[in-house]
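Take a look at the letters that make up each chain.
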Amino acid sequence: MSALAPSRMPPADVLRTGTLGLRTRRLRAALSALGIAIGIASMVAVLGISESSRADLLAQIDRLGTNLLRVAPGQSFLGDDVSLPESAAPMLARAEGVEAVAAVRALDGVTVRRTDLVDEAETGGIGVVAADPALASTVGAELRSGRFLDAALARYPVVVLGANAADQLGISDAGARVFLGGRWFSVAGILAPVALAPSLDDSALVGFPAAERRLGGELDASTVYVRAAPDAVEAVRDRLGATANPERPEEVDVSRPSEALEARAAAKTAFTSLFLGLGAVALLVGGVGIANVMVISVLERRSEVGLRRALGARRRHVGAQFLCESLLLAAVGGIAGVALGAAVTAGYAGSQDWALVVPPEAPAGGLLAAVLIGAVAGSYPALRAARLAPTDALRGV
């Protein structure tokens, strides 16, 4: 009598039997895959939205330039507040490597209101600032409406409102009037939000001549914005303190506004790690759900397992069938999760006018994580099914 050929199970048969449970219990399979899909979608969406936001912020930095420097008074050796010399702005304008200079001066005690009937104490957080006509071009500010101060307008009772200041006053177009420092001023323009000088968003800007003549303002600057040559930023930065205040350069604070935006980009990356952790928890919950479904499936299909074993299937064949089913379940959830996460990223990026950026590692990592979760979740049910004895499995038939 010839020996029996060893039982074999080609990969195609493993795949066909592995899809049996998915095809016969579609609702259960869909709900199980949903858990994985939610976890993967959250991870892909978090990475995609974070990268899209970061890319938009970095593009904004590139557009505005990293060569804007801010010169402001620091503190004395004893910790007292100091001020910049009146000659600071003209001296900075003559420094080597400096392309543009614009000074501003905060006017203490001067308020701006919509009308003279509004209580003077209700300032709405709006500050009044004297500004050079070159301020807009120096800091890269754009106008939402109207025009900015020029050499002529700077002498008259004319004001340019920051974005938040205009919203607070309820003014949407140039041509309106505001009650500023006990006088009526005409609104010449309204600025769009200024990324590199956010303090201007809450300010009402008037010219230095008008501030001195009509509001009793001083001519010394409280802040000077300096636009340096792009290839000489660090060299110019090192010289600004001594140039602005030769007698006490240590009392001058020099900063680069773009560093604040870069810090925001880094902060977004830090928060991404937190949200990825939450996505991983959701993925783990989905994996537990698959494991639970597979254990129940093994219990419900004992007779099927027993019949296959009685017909010659080996333990590894039965284990491969259930492991394949778990992997397919996780893979389907992973694919659905990647698609859903990309769709969420596209929708959110579109609503914010961002460029869509989905890092390649997000879908690839999502699918790999789903398959690994499926393998881990299906290992125990597969081993349990493989260990079923044919007689015990067929006993309930």
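The structure this text deals with has already been given above.
All chains use their own residue numbering, which begins from 1 and follows the written sequence. It should be noted that, the model being predicted, local features are given only for residues of pLDDT at least 70 and side-chain atom pairs only at 80 or more, the latter also being counted only at that level, while totals for whole chains, interfaces and linings use all residues. Excluded from the side-chain calculations are hydrogens and water; all other atoms, namely the structure's heavy atoms, are used.

Undergrad: What is the right way to read the environment of Gly-39 from this model?
TA: Tracing the sequence through the fold places Gly-39 in helix α3 (residues 26-64). With 298 residues separating them in the primary sequence, Gly-39 and Gly-337 have C-alpha atoms 7.2 Å apart. We call two residues in contact whenever any of their non-hydrogen atoms come within 4.5 Å of each other. With residues near it in sequence (within four places) discarded, Gly-39 still touches Gly-279, Ala-282 and Leu-283. Counting from the N terminus, the helices are the DSSP runs of H or I reaching at least four residues and the strands are the DSSP runs of E reaching at least two.

Undergrad: Looking at this structure, I do not really get α3. What am I missing?
TA: Think of an α-helix as turning once every 3.6 residues; residues three or four places apart then point the same way. By this rule the span expected of a helix is its residue count minus one, scaled by 1.5 Å. Along its 39 residues, α3 runs 54 Å from first to last C-alpha, staying within 8% of the 57 Å computed at 1.5 Å per residue. Phi for Gly-65, located one or two positions after α3, is positive at around 95°.

Undergrad: Which parts of the structure should I look at to understand the environment of Glu-51?
TA: Take Glu-51: it is sitting in helix α3. For the pair formed by Glu-51 and Thr-345, sequence separation is 294 residues and the distance between their alpha carbons is 9.8 Å. With near-sequence residues (within four places) excluded, Glu-51 lies in contact with Val-357 and Pro-359.

Undergrad: How should unusual backbone geometry be read in this particular structure?
TA: Outside of glycine, negative phi angles account for most residues, and trans bonds account for most peptide bonds. A positive phi angle is found at Asp-353, which is not glycine, with a value near 60°. Of note, Asp-353 is situated in the loop between α11 (315-351) and α12 (361-386).

Undergrad: Is there a simple way to think about helix α8 (residues 233-244) in this case?
TA: Between its terminal C-alpha atoms α8 stretches 16 Å, which fits the 16 Å expected from 12 residues at 1.5 Å a residue. A simple rule labels every residue: compare its accessible area, found with a 1.4 Å probe on the protein chains alone, to the largest value its type can have, and call it buried under 20%, exposed over 50%, or partly exposed in between. Among the residues of α8, those classed as buried are Val-233, Val-236, Leu-240, Gly-241, Thr-243 and Ala-244. The buried residues of α8 all sit within an arc of 170° when viewed along its axis, so they share a single face. In this structure, the buried residues of α8 make contact with β1 (68-73), α4 (88-93), β2 (98-106), β10 (223-228) and β11 (252-255). Here the arc refers to the directions that run from the helix axis out to each C-beta atom.

Undergrad: Would you mind going over the side chain of Arg-113 with me for this structure?
TA: Relative to the helices and strands, Arg-113 resides in strand β3 (residues 112-113). Under the counting rule used here, the positive set is Lys and Arg, the negative set is Asp and Glu, and His together with the chain ends is not counted. Here a salt bridge means any side-chain nitrogen of Lys or Arg lying within 4 Å of a carboxyl oxygen belonging to Asp or Glu. This buried residue, Arg-113, is left without a salt bridge; Glu-120 holds the nearest opposite charge, at 4.7 Å. Contact partners of Arg-113, with chain neighbours within four places excluded, come to Val-118, Asp-119, Glu-120, Glu-122, Leu-169, Val-178 and Phe-179.

Undergrad: What am I meant to see in the pairing of strand β6 (residues 158-161) here?
TA: For a regular strand, side chains alternate in direction, first toward one face of the sheet and then toward the other. By the alternation rule, side chains of β6 split into Val-158 and Val-160 and Val-159 and Leu-161, which are all buried. Only strands joined by at least two bridges in the DSSP assignment are considered to pair. With four bridges connecting them, β6 and strand β8 (residues 183-191) associate as parallel partners. Note that in β8 the partner of Val-158 across the bridge is Ser-186. Where β6 meets strand β9 (residues 203-207), two bridges bridge the pair, whose relative direction is antiparallel. Across the sheet, residue Leu-161 finds its bridge partner in β9, namely Ala-204.

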